[in-house]
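Descriptive structure summary
Listed below, chain by chain, are the residues.
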Amino acid sequence: MNTIHLIRNGLLLGLGLAASAASAQVEYRSLDLQAVFGSELVPAKSNVEVRWEHLGKARFGDIDTAGAESPLPETGKNEVEDRLKAMSAELDARHWVAVNLRTGDEYLVELPLDTARSLRMLSAKAGWEQGDEGPANDSAGARAEAQMPLLGDAKGWSNGHDSRTRRFDNTSYPYRAMGQIGGGLDWGCSGTLVGRRHVLTAAHCLFGWIEQDDGSFEGTWTLGGRFRAGREGSCNNASCEPYGEQQGVWYYTPAAWRASRNAWNHDYGLIVLDGTPGSQTGWLGYAAIAQGSLEDYCDKVPFGPGYLGGQCYNRGYPACGFNEAPLECRVNNSLQGWAYQDTKPCEIGSFGSNGADGWAARFSTNCDLSRGHSGSAVFTDAWNGSGHVVFGVVSTQSCTTCTSGDVYVNGIRRVTPEVLDMIAYFKADKP
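The following paragraphs examine the structure supplied in this document. Nothing here was measured: the structure is a model prediction, and the numbers come from that model. (Residues numbered from 1 in each chain as written. Predicted model: local features only at pLDDT ≥ 70, side-chain atom pairs only at ≥ 80, totals over all residues. Heavy atoms only, no water.)

A few words on the overall build of the protein. A count of helices and strands for the protein gives nine helices and 23 strands. Every one of the 431 residues in the protein was classed for burial, and the buried ones make up 58%. If you take every contact in the protein between residues at least 6 apart in sequence, the share linking residues at least 24 apart comes to 73%. (Helix = DSSP H or I, 4+ residues; strand = E, 2+ residues; numbered from the N terminus. Buried < 20%, exposed > 50% of the residue type's maximum accessible area, 1.4 Å probe, protein only. Contact = heavy atoms within 4.5 Å.)

Following this line, the structure appears as structure tokens:
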């Protein structure tokens, strides 16, 4: 079926919410497909109207400093989370939560499945899912550091041994398209450019849950963590930040993540930056790769005198103040802000958390990781021969003080069609 026909039909599915949302502030934002994808792919004028519902002012950082319009009432009753939980259970549409970091406004974005899939098809035809090496390694100006309380969950060492080493090639492709979000001895995450100003990371790096005195949990967005592509050290100048630093202006997560503090199968998110570092660094491609193909790319299989597979990797920015951080940066904190990578390739243990579309949303791997790697890419450099593509985002762990019998200790949020749908729409909406 024609892609544009699918999009138009998708609009007929309806974008209605529950009756309780009848009085909500709703707008339909128009996406001009011809302007976004070009007249060759979209020869006739065609628009998609996407439903954005204003949820109120978001809560950032310490919940005691929430604004008067915060959607998290002091009573502890959280109607927004309840509504998002109900919305995310609907299977006929994609639901995301978007927050504008400049205004503090929070939105529920809803897109029918057929429309989302058609946008994904158009973005693939336009070559958006392919990587781009960028033009050069030139330095860019840097700005002052701003901290935020980001802390990814602790990660583990496969077989109880850390095989990571510090890397010095962070200004070469594809590594210059990988970077640190925030970052300090006890806080920070990692992320990967998948567009000129679009960073793929973990949802828990953007929105987390803080335990209250009464044992309950309240959700907050993080604010202030700048993205530094190809970072090499903690100094705040071009020698450590060869491509400068950019502030996020929009965060996006699945509504299901925003609605529940244990929705690890939805642990992925996207940042839109205020600058376009990808125009200089390039960016990685991204792909939803079938399970068998992933195992072929990643798992080392003896074959004659050598091996097949073994072509999957992870590189991230550990927080050096934790026991599971690489020994080198634990004993020398001046190495904070350097990227580390396992000397061995990432092999896959098992798949799980099947979604409604039949795709397993998560898999385990034996890559050595620690806090700060959260949000970093699991990637291959051999997609369709030589392509650099992200196929997973670092999420959780099964142990931190692992033993020799603990092998596939880290949990990865796999790139599935659901993730491709998010990237396709928000890259089109915020090019």
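So, next bit.
So, about unusual backbone geometry. Cis geometry is adopted by the peptide bond preceding P174, which originates at Y173 and carries an omega value of 10°. With respect to the helices, strands and loops of the structure, P174 is situated in the loop between strand 5 (164-166) and strand 6 (178-184). With phi around 60°, S353 is a residue other than glycine that occupies positive phi space. Along the polypeptide, S353 turns up in strand 19 (residues 348-354).

This part takes up the side chain of R228. Looking at the secondary structure, you find R228 in strand 11 (residues 227-229). On the basis of relative accessibility, which here comes to 1%, the residue R228 falls in the buried class. A distance of 2.7 Å separates the side chain of R228 from the side chain of E241, its partner in a polar contact. (Polar contact = N/O pair within 3.5 Å; in protein donor to acceptor, adjacent residues only side chain to side chain.)

The final tally for this structure, using the stated rule, is 20 aromatic pairs. With a centroid separation of 6.0 Å and an interplanar angle of 50°, the aromatic rings of Y297 and W383 are classed as tilted. Of this pair, Y297 sits in helix 7 (residues 291-298) while W383 sits in strand 21 (residues 377-383), and the two are 86 residues apart along the sequence. On the basis of relative accessible area, Y297 is assigned to the buried category, the value being 16%. Chaining the aromatic ring pairs together yields one cluster made of W52, W96, Y107, W250, Y252, Y425 and F426. (Phe/Tyr/Trp six-rings, centres within 6.5 Å; stacked < 30°, edge-to-face > 60°.)

Under the definition given, this model contains five disulfides. The partner cysteine of C189 in its disulfide is C205, sulfur to sulfur 2.1 Å. The sign of the -85° torsion about the S-S bond sets the C189-C205 disulfide as left-handed. In this pair, C189 is assigned in strand 7 (residues 187-193) and C205 in the loop between strand 8 (198-201) and strand 9 (207-211), connecting sequence segments 16 residues apart. Across this residue pair, the class does not change: C189 and C205 are buried. Bridging C298 to C312, the disulfide has an S-S length of 2.1 Å. (Disulfide = S-S within 2.5 Å.)

Strand pairing in a sheet is mediated by backbone hydrogen bonds. Such pairs are either parallel or antiparallel. The strand order across the open sheet formed by ten strands is 1-2-4-3-12-13-8-7-6-11, and the pairing between neighbours is antiparallel. The sheet terminates laterally at strand 1 (25-32) and strand 11, the two strands that pair on one side only. Neighbouring strand axes in the sheet, compared pairwise and without regard to direction, differ in orientation by 30° on average. Strand direction decides the pairing type here: strand 7 and strand 8, joined by two bridges, are antiparallel. In the sheet register, L193 faces strand 8, and the bridge partner there is V199. Contacts from helix 4 (residues 113-125) reach strand 1, strand 2 (47-57), strand 3 (93-100) and strand 4 (105-112), with the element oriented near 90° to strand 4. Along the sheet face, helix 9 (residues 417-429) touches strand 1, strand 2, strand 3, strand 4, strand 8, strand 12 (248-254) and strand 13 (269-273) and points at about 50° away from the line of strand 3. (Pairing = 2+ DSSP bridges. Axes fitted to C-alpha atoms, helices over the stretch in contact; angles between N-to-C directions.)

The contact between helix 4 and helix 9 brings their axes to 8 Å, and the two run at 75°. With respect to helix 9, the axis of helix 4 lies roughly perpendicular. Mapping the contact onto sequence places A116, R117, L119, R120 and S123 in helix 4 and P417, L420, D421, A424 and Y425 in helix 9. Here the residues of the contact of helix 4 with helix 9 are counted per class, giving six nonpolar, one polar and three charged. (Parallel < 35°, antiparallel > 145°, perpendicular 65-115°, else oblique. Nonpolar A, V, L, I, M, F, W, Y, C, P; charged D, E, K, R; others polar.)

With that settled, consider the environment of D342. Relative to the helices and strands, D342 resides in strand 18 (residues 340-342). Its relative accessible area of 4% is what places D342 among the buried residues. For D342 and R315, which are 27 residues apart along the polypeptide, the C-alpha to C-alpha distance reads 7.5 Å. When neighbours within four sequence positions are excluded, D342 is seen to be in contact with S163, R164, R167, N314, N366, C367 and D368. Looking at D342, its side chain comes within polar contact range of the main-chain nitrogen of K344, at 3.0 Å.

Within this structure, the stated rule accounts for 17 salt bridges. Here E53 and R51 are joined by a salt bridge, their closest N and O atoms 3.3 Å apart. For E53, a relative accessible area of 2% puts it in the buried group. Each of R226, R228, E241 and E245 takes part in one network of salt bridges that share partners. (Salt bridge = Lys/Arg side-chain N within 4 Å of Asp/Glu carboxyl O.)

Bringing the pairing of strand 13 into the picture now. Two faces belong to every sheet, and in a regular strand the side chains alternate between them. Among the five residues of strand 13, five are classified as buried, and the element is accordingly described as predominantly covered. Here strand 13 shows two buried faces, one formed by G269, I271 and L273 and the other by L270 and V272. Bridge count between strand 8 and strand 13: four bridges; the pairing is antiparallel. Bridge pairing in strand 13 places L200 opposite L270.

This part takes up the nonpolar core. In this structure, W52, W221, Y252, Y425 and F426 are the most contacted members of the largest nonpolar core, which totals 72 residues. Element by element, the count of residues in this core is highest for helix 9, at seven residues. Not counting residues within four places of it along the chain, the set of residues in contact with F426 comprises W52, W96, V109, H198, Y252 and L270. A287, I289, C298 and I348 belong to the second-largest nonpolar core, a separate cluster that totals 19 residues. (Core = buried A, V, L, I, M, F, W, Y, C linked by side-chain atoms within 4.5 Å.)

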